[in-house]
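Residue-level structure breakdown
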Amino acid sequence: MAAAKIDFGKGNGLVPVIVQDYQSRDVLMVAYMNEEAWEKTQETGKAHYYSRSRKGPWFKGEESGHFQEVIDAFIDCDNDTILLQVNQIGGAACHEGYQSCFFRRLDGDELTTIGERVFDPKQVYKK
């Protein structure tokens, strides 16, 4: 069996990561990883990402307590995209307090909220 080698070079050091609930198979979020984040994820069993807005490492759940325990990881056929299946601790992956970052449906040019808030971000992030 060939060793998994993720091609971080194609995306200037970053690869997209699709994050899926391991039980429901709902897509929770899309994020990015660099090699450091991938290594930390493998070492700890919890999801680590690269934050493009902060321009640095991001340990999912560090502020909110809503960690992601990695159950399984898949690499696409081009070795440049990761699919993580996770156990979402706390029930919410979205920083806006929803289970999924995809809590809105596009209806024509309107967005309809279809998700229920799991937590109040003002209380969790105190910002």
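Quick look at the structure, then. This is a predicted model, so every value here is computed, not measured.

Observations regarding the pairing of strand S4 (residues 56–59)
Sheet analysis places strand S3 (residues 48–51) next to S4, joined by 4 bridges and oriented antiparallel. Its bridge partner lying in S4, His48 is registered against Phe59.

Some details on the nonpolar core
Grouped together as the largest cluster of nonpolar side chains are 17 residues, with contacts concentrated most on Met33, Tyr49, Ile82 and Leu84. Elements with a minimum of two residues in this core: strand S1 (15–21), strand S2 (27–33), helix H1 (35–44) and strand S6 (82–88). Ranked by the residues each element gives to this core, the list is headed by S2, at 4 residues. Not counting the four nearest positions on each side in its chain, Leu84 is found in contact with Val17, Ile18, Val19, Gln20, Met33, Trp38, Ala47, Tyr49, Val70, Asp72 and Ala73.

Comments concerning the layout of surface pockets
Space inside the largest pocket adds up to approximately 570 Å³. Breaking the lining of the largest pocket down by element, the ones donating at least two residues are S2, S3, S4 and helix H2 (121–125). Considering each element in turn, the lining of the largest pocket owes the most residues, 4 residues, to S2. Considered class by class, the residues forming the lining of the largest pocket number 11 nonpolar, 5 polar and 7 charged.

Structural notes on the side chain of Gln68
With respect to the element layout, Gln68 can be found in strand S5 (residues 68–75). Given the relative accessible area of 0%, Gln68 is considered buried. Side chain to side chain, Gln68 and Tyr49 meet in a polar contact 2.6 Å long. Within the structure, the side chain of Gln68 is placed 2.9 Å from the side chain of Gln88, a separation counted as a polar contact. When sequence neighbours within four positions are dropped, the list of residues in contact with Gln68 reads Val19, Met29, Gly45, Lys46, Ala47, Tyr49, Lys60, Val86, Asn87, Gln88 and Ala93.

Points about unusual backbone geometry
A positive phi angle, near 55 degrees, is found at Asn12, a position not held by glycine. Here Asn12 is to be found in the segment before S1. For Asn12, a relative accessible area of 76% corresponds to the exposed category. Within the chain, Arg25 stands out as a residue other than glycine whose phi angle is a positive 70 degrees.

Points about the environment of Asp76
With respect to the helices, strands and loops of the structure, Asp76 is situated in the loop between S5 and S6. Expressed as a C-alpha distance, the spacing of Asp76 and Ile6, which sit 70 residues apart in the sequence, is 9.2 Å. A polar atom in the side chain of Asp76 sits 2.9 Å from the backbone nitrogen of Asp80.

What counts and how
- Residues numbered from 1 in each chain as written.
- Predicted model: local features only at pLDDT ≥ 70, side-chain atom pairs only at ≥ 80, totals over all residues.
- Heavy atoms only, no water.
- Pairing = 2+ DSSP bridges.
- Helix = DSSP H or I, 4+ residues; strand = E, 2+ residues; numbered from the N terminus.
- Core = buried A, V, L, I, M, F, W, Y, C linked by side-chain atoms within 4.5 Å.
- Buried < 20%, exposed > 50% of the residue type's maximum accessible area, 1.4 Å probe, protein only.
- Contact = heavy atoms within 4.5 Å.
- 1 Å grid on protein atoms, 1.4 Å probe; cavity = no way out; pocket = protein on both sides within 12 Å on 5 of 7 lines; lining within 4 Å.
- Points joined across faces, edges and corners; volume = space filled by probe spheres on them.
- Nonpolar A, V, L, I, M, F, W, Y, C, P; charged D, E, K, R; others polar.
- Polar contact = N/O pair within 3.5 Å; in protein donor to acceptor, adjacent residues only side chain to side chain.

No statement about biological role is implied by the geometric values presented.
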